[in-house]
Amino acid sequence: MNAAKYHGHHVWRRFRRQQLWRQLKANKTAFVSAIILLTLGVLAILTPWISPFDPTNMQQQNIMDAELPPFWQPGNESRFLLGTDGLGRDLLSSILYGLKNSLWIGFWAVLLQFTLGTSLGLCAGYFGGWADRIIMSLADFQLTFSSLMLAILVLAITRAAMGAHDYHIWSPWLLVLVLGLADWPQYARTLRASVLAEKHKDYIAAAQVLGYKSRHIMVFHILPNTLSPLLVIATLQIAHVILAEAALSFLGIGMPYANPSLGGLMGAGFEYMLSGIWWIALLPGLALLTLLLSINLVADWLRDALDPKNLGQRP
Amino acid sequence: MTYFPQITQRLLTGGITITLVACVSYWILSLISPNLALDLSLDQYLNNILHGDFGQSQFYHQPNLEIIFEKLPATFELVIITSFIVALFALPLGLYTAIAPRQKLARGIMAFSLLGISVPVFLTGSLMVYLFAVELNWLPAFGRGEVVRVGSWSSGLFTVSGWQHIVMPATALSLTLLPLFLRLIRAELIQVMHSNPVRLAQAMGITPWRIWLSYGLRNATLPMITMASLQFGTLMAYTLVAETLFQWPGVGSLFMQGIIRGDGPLVAAYLVLVSIMFLLFNSLTDLAYGLFNPHLAPWRQQTQQTRQGTP
Amino acid sequence: MTSPLLKVTNLHVNFISRWPHEPNIDVLRGVSFDLYRGERVALVGESGAGKSLLATSIIQLFDSSARIHEGQVEFEGQQLTQLKPKQLRQVRGRRIGMVFQDPMTNLNPSLTLEQQLLECILSHRNIGRAEARLVALHKLRQVHIPAPEARLQQYPHQLSAGQRQRATIAMALALEPALIIADEPTSALDVTMQAEVMSLLTHLCHSNGVALLLITHDLSLVAHASDRCLIMYAGQIVEQGPTSALINDAQHPYTQGLIKALPQMSSPGQTLFQIPGQMPAAQELGNHCSFAQRCEFAHDACWQQAPNMPKGIGHRASCHLLTAAEAGAEI
């Protein structure tokens, strides 16, 4: 039998047993948040098709359209539903593209963190010895600095070294790289603790006696049993990375101005806000808040739902 | 005395870390302002730092140490006021939500905390500026207000305008950090209350109040200190963002300006000085740890034994 | 006949499920026994049988979602299940003391022994600190802790496991309760310490007239440490009686299996006996004998109806074989 398929089947069965769907329906707040999050996700994916304008396309921008208010205020134009920014770009389109970018960066950065943190945590826990010591000292060192502070320092210095123009060509990738590398310790520490607890259990000894390779044991035997807390961390981290990206863009060291970001719009719109043109800064802020709040609510629910104390309570 | 080796060990690792950071900052200096770095070699740079010379800012044409120390009081006061507000509210609220989690008020507080960690500091700040500065015109939108010099320290806490200026940045920072600390404190307390010593105390019929004091708070203090010190980096990051938003003249906004202007010496000096401050802060928390943790206080037992005359 | 000190009647304890669509799990299913003043009773069973839960249920010390949904616990004439929290706190410690299993994690690491003992004593007795300290010292001497004055100033991490467990026993005895419930008090200790601490506990209870409910999975301990024995399986008591009678003439197949499994019962070179199978999980139980699937004597009646514990005192067990034998004897 294909070993990978067999174990994948087990992992799936284990999750089904927790009856996540029924638990989600039971908790109204989480259910609504999940729906909102899904909607935002779908909007983000469909953005290139459903967005009324393309904010990255400079041909579509007309400086004469700048600073128009949203539809419920006088002086608006109906084709710009939420108004325009200082360059004449439609705010609704910018927000949609900003959502897309935030989710895109969040996804890739968390994928990087997860893979790195999980691999290192597995190695540290399973092999022990000097690998464990090195990996854990590195993790401790990184944990004492906040990931946001590290990201700010590294990216700011990179920007100063590369100059604004070059930096903004590379910044999306740099963001994913830096944010991905900054937060792997959380996964590694949690996983290492779980691995140390599982390592001494009999089923691992059985697998070793049967001659399974270490890598196989780590991925197919230990990891499925330790996945739950990692998933919770990953969900929370998506919110954390999106927030970090917004903060960095607000400071001017995140996404380039041409490629809209929710934080960047807020940063650019701040001055306009001081003269009463509030929508450029605050409407993207509202979108960001909705995104972060729905992710955090779903993550909170997920943590309770995957709580191992609830396992085994089957009808 | 038994803890001298620990102090020397800490000094050694600290020294090595600072040296490493200094080397990295030299490399950064050469990246940002390559022409300046030509005149300065690495060992000259390290030697200068050892003598307290952190270079001169390209933009301000003043020694970096002076510039940074001049801006330090602003950041320091902002951080102190914020920490004070957070500590004032996070401890009692965290305690309350841990003791009585089912009460409506406790649930409301937890809902507020969930909202709080979803609102970034620059959103809170922007909203506050729009509401209180632009629309209502109650509070000033930026700057520090009038300052009073107390020796070499410029303080904004002695003037009315100083307080008017610090209210919004400190409140915005507090509103962002308070939910975080509240949840940490609550989680720690709940974990301690489910521990074995508490179970035994309950089995012995000790009143809940005494259990919360002698077991709950007491045993949660250490982990809380550890967790709080881990958040120091986050505090620094959020303060930097708040300083940029409110144009608060502290070291955070100084750093960002240095970045935008390409002021290599200033950025490099900032890195080294910030690392030194960081290490000092960690040492302070270690000290606090030692005070609270009976495991790490061998000298306490020794002094007691010498007093009682037993070997 | 004197009335029992502790009378547990038909106790049902279950775990409330978190989600409304999932049923609750019954763990203790109709436990009944009596315990008299000054006697030492052992509660024996394997992991998962519900022994620790029974112990904490007596003093209503639930830390998760467990609760009593049927049955009564009567102690010194009071219904413990009906007491208000404040009244319950006066029973805990003062009238019923507890000794838990793991000495390494049960004492408060931030308090010295003196602070911990005094807090316990002063919660229940209205005496001065100096007098309480003398009580603490006296108890520490009783449990054979050397140099008790110095030990009082020490923190738990400065004591060995054996000393910590003795300190816990001293704490339980300090208030001079009528009953001490000891949940596997020696399981976490070295073998060398086990016998010593065990005999200390039983001896002190005996000399102070304190009843002892000893919970253990180790049947060999029971012979020396108890007057009466209760055998627990899958949340029920399946056999009870005087220890010597129970060991020499076990009636329930499970008890017989436990005794056969003792290493002392095999000769050198012989394969050790093992009861086949495992104890069923809570969800697999129903209206049949819970031991049926592992029992070599199981027959149809065992699967159709759960056996009852005969009423009365003395040695008895809940097994269909016995009722059949009685019915057969009557005929």
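Since this is a predicted model, take the numbers as computed values, not measurements. (Residues numbered from 1 in each chain as written. Chains lettered and ligands numbered in written order. Predicted model: local features only at pLDDT ≥ 70, side-chain atom pairs only at ≥ 80, totals over all residues.)

Trainee: Break down the overall build of chain C for me, with residues and values.
Mentor: Within chain C, the regular secondary structure consists of 13 helices and 11 strands. Its C-alpha atoms give chain C a radius of gyration of 21 Å, near enough to 20 Å, the size a compact globule of 331 residues would have. Principal axes of the C-alpha set define a box for chain C whose edges measure 70 × 55 × 45 Å. Taking all 331 residues of chain C together, 43% fall into the buried category. Long-range contacts, defined as pairs at least 24 residues apart, comprise 63% of the intrachain contacts of chain C with a sequence gap of at least 6. (Helix = DSSP H or I, 4+ residues; strand = E, 2+ residues; numbered from the N terminus. Rg over C-alpha atoms; globule rule 2.2 N^0.38 Å. Buried ≥ 20, exposed ≤ 12 C-beta atoms within 10 Å, placed from the backbone. Contact = placed C-beta atoms within 7 Å.)

Trainee: How would you summarise the sheet that holds strand β6 (residues 96-99) of chain C if you had to cite specific residues and measurements?
Mentor: All names here are of chain C. Taken in spatial order, the 7 strands line up as β6-β7-β8-β3-β9-β10-β11 in an open sheet, and their pairing is mixed. In this open sheet, the two strands that pair with only one neighbour each are β6 and β11 (316-317). Examined bridge by bridge, strand β7 (residues 179-183) and strand β8 (residues 211-216) share 5 bridges and lie parallel to one another. Bridge pairing in β8 links leucine 179 to alanine 211. (Pairing = 2+ DSSP bridges.)

Trainee: How would you sum up the interface of chain B and chain C? Please name residues and give values.
Mentor: Taken residue by residue, the interface counts 20 residues in chain B and 26 residues in chain C. Of all the secondary structure elements, the ones that give two or more residues to the side of chain B that touches chain C are α8 (196-203) and α9 (208-230) of chain B.

Trainee: Mind laying out the sheet that holds strand β2 (residues 25-35) of chain C, listing which residues take part and the relevant values?
Mentor: All names here are of chain C. Spatially, 4 strands are ordered β2-β1-β4-β5 in an open sheet, and the strand pairing comes out antiparallel. One side of each edge strand has no neighbouring strand; the edge strands of this open sheet are β2 and β5 (78-79). Helix α1 (residues 51-58) contacts β1 (6-15), β2 and β4 (66-75) of the sheet and is inclined by roughly 65 degrees relative to β2. (Axes fitted to C-alpha atoms, helices over the stretch in contact; angles between N-to-C directions.)

Trainee: Before we move on, can you summarise the pairing of β4(C) with the specific residues and values?
Mentor: All names here are of chain C. Across 8 bridges, the pairing between β1 and β4 is antiparallel. By the bridge assignment for β4, threonine 9 is matched with glutamine 72. Relative to β5, β4 runs antiparallel, the two sharing 2 bridges. By the bridge assignment for β5, glutamate 74 is matched with glutamine 79. Turn length for the β4-β5 hairpin, with the two strands adjacent in sequence and antiparallel, is 2 residues, and the turn residue glutamate 76 shows positive phi of about 50 degrees.

Trainee: Could you give me a rundown of α8(B), with the residues and numbers involved?
Mentor: Side chains three or four residues apart in an α-helix point the same way, a direct result of the helix having 3.6 residues per turn. Most of α8(B) sits inside the fold, with 6 of its 8 residues counted as buried. When we look at burial in α8(B), the residues that qualify are B:Pro197, B:Val198, B:Leu200, B:Ala201, B:Gln202 and B:Ala203. In the core, the buried residues of α8(B) are packed alongside α7 (160-193) and α9 of chain B together with β6 and α3 (103-106) of chain C. Phi turns positive, to about 75 degrees, at B:Gly205, one or two residues after α8(B).

Trainee: Mind laying out the confidence of the model for chain B, listing which residues take part and the relevant values?
Mentor: Residue and element names in this part refer to chain B. For chain B, per-residue confidence averages 84 on the pLDDT scale, and 93% of positions sit at 70 or higher. Of all helices and strands in chain B, the one with the weakest mean pLDDT is helix α13 (residues 298-308) (41), whereas helix α10 (residues 232-245) scores best (92). Contacts of residues 297-311 to residues separated by more than four positions or lying in other chains number 9 contacts, the stretch itself having pLDDT below 50. (pLDDT = per-residue confidence, 0-100.)

Trainee: Let's hear about the environment of B:Asp53: which residues, and what values?
Mentor: All names here are of chain B. Structurally, aspartate 53 can be placed in the loop between α3 (42-50) and α4 (64-99). Look at aspartate 53 and you get partly exposed, because 15 C-beta atoms sit within 10 Å. The spatial distance from the C-alpha of aspartate 53 to the C-alpha of asparagine 282 is 24 Å, given a sequence separation of 229 residues.

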